[in-house]
Amino acid sequence: MSDMVNHPPHYADGRRFEVIDVIEDSVKFAPTPVLGGLQWQILKYVHRCWNKNTPQQDLQKAMWYLMRLIDQLEARQEFVETNDG
């Protein structure tokens, strides 16, 4: 019987690593929790898109988070440029 709380089978699904481990390792260098959270969502949706019947929908969700992350980074850059000087 699989552990549906700690290690649901669809989280690893034959992969060498669970998505949580990959994501935690990836976002630890994010400059803020918000930016790391957005990256987290992108990675989650891309990593598991083939596990569902609607991969396009998951990839569209990933794209939504990606665009939001880009917008956040651009806003941060504009803030730095405006206040640098």
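(A) Quick peek at helix α3 (residues 33–47). With 15 residues, α3 extends 20 Å from end C-alpha to end C-alpha; this agrees with the ideal 21 Å at 1.5 Å per step. All buried positions along α3 are accounted for by Leu 35, Gly 36, Leu 38, Gln 41, Ile 42 and Tyr 45. Among the structural elements, α2 (19–27) and α4 (55–83) are those in contact with the buried residues of α3.

(B) Up close: the packing of aromatic side chains. Taken as a whole and assessed by the stated rule, the structure comprises two aromatic pairs. With centroids separated by 6.0 Å and ring planes inclined at 15 degrees, the aromatic side chains of Tyr 45 and Tyr 65 adopt a geometry described as stacked. Placement of Tyr 45 in helix α3 and of Tyr 65 in helix α4 is noted, with a sequence separation of 20 residues between them. One cation-aromatic arrangement involves Lys 44 over Tyr 45; the distance from NZ or CZ to the ring centre is 4.7 Å.

(C) Representation of the pattern of salt bridges within the structure. Scanning the entire structure with this criterion turns up two salt bridges. Notably, a salt bridge pairs Lys 28 with Asp 25, separated by 2.8 Å at the nearest N-O pair. For Lys 28, a relative accessible area of 52% corresponds to the exposed category. Under the relative-accessibility criterion, Asp 25 is labelled partly exposed at 45%. One salt bridge in this structure joins Asp 58 and Lys 52, with 3.4 Å as the shortest N-O distance.

(D) Region of interest: the packing of α2 against α3. Between α2 and α3, the least distance of the axes is 10 Å, while the angle of their chain directions is 145 degrees. As α2 runs across α3, the sense of the crossing is right-handed. Across the interface between the two elements, Val 19, Ile 20, Ile 23, Glu 24, Ser 26 and Val 27 from α2 touch Gly 36, Gln 39, Trp 40, Leu 43, Lys 44 and His 47 from α3. Class assignment for the residues of the contact of α2 with α3 results in six nonpolar, four polar and two charged.

(E) Looking closely at α4. With 29 residues, α4 extends 42 Å from end C-alpha to end C-alpha; this agrees with the ideal 42 Å at 1.5 Å per step. Of all the positions in α4, only Asp 58, Ala 62 and Leu 69 are classed as buried.

What counts and what doesn't
Residues numbered from 1 in each chain as written. Predicted model: local features only at pLDDT ≥ 70, side-chain atom pairs only at ≥ 80, totals over all residues. Heavy atoms only, no water. Helix = DSSP H or I, 4+ residues; strand = E, 2+ residues; numbered from the N terminus. Expected span 1.5 Å × (residues − 1). Buried < 20%, exposed > 50% of the residue type's maximum accessible area, 1.4 Å probe, protein only. Contact = heavy atoms within 4.5 Å. Phe/Tyr/Trp six-rings, centres within 6.5 Å; stacked < 30°, edge-to-face > 60°. Lys NZ or Arg CZ within 6 Å of the ring centre and 35° of its normal. Salt bridge = Lys/Arg side-chain N within 4 Å of Asp/Glu carboxyl O. Axes fitted to C-alpha atoms, helices over the stretch in contact; angles between N-to-C directions. Left-handed = near helix turned anticlockwise from the far one by under 90°. Nonpolar A, V, L, I, M, F, W, Y, C, P; charged D, E, K, R; others polar.

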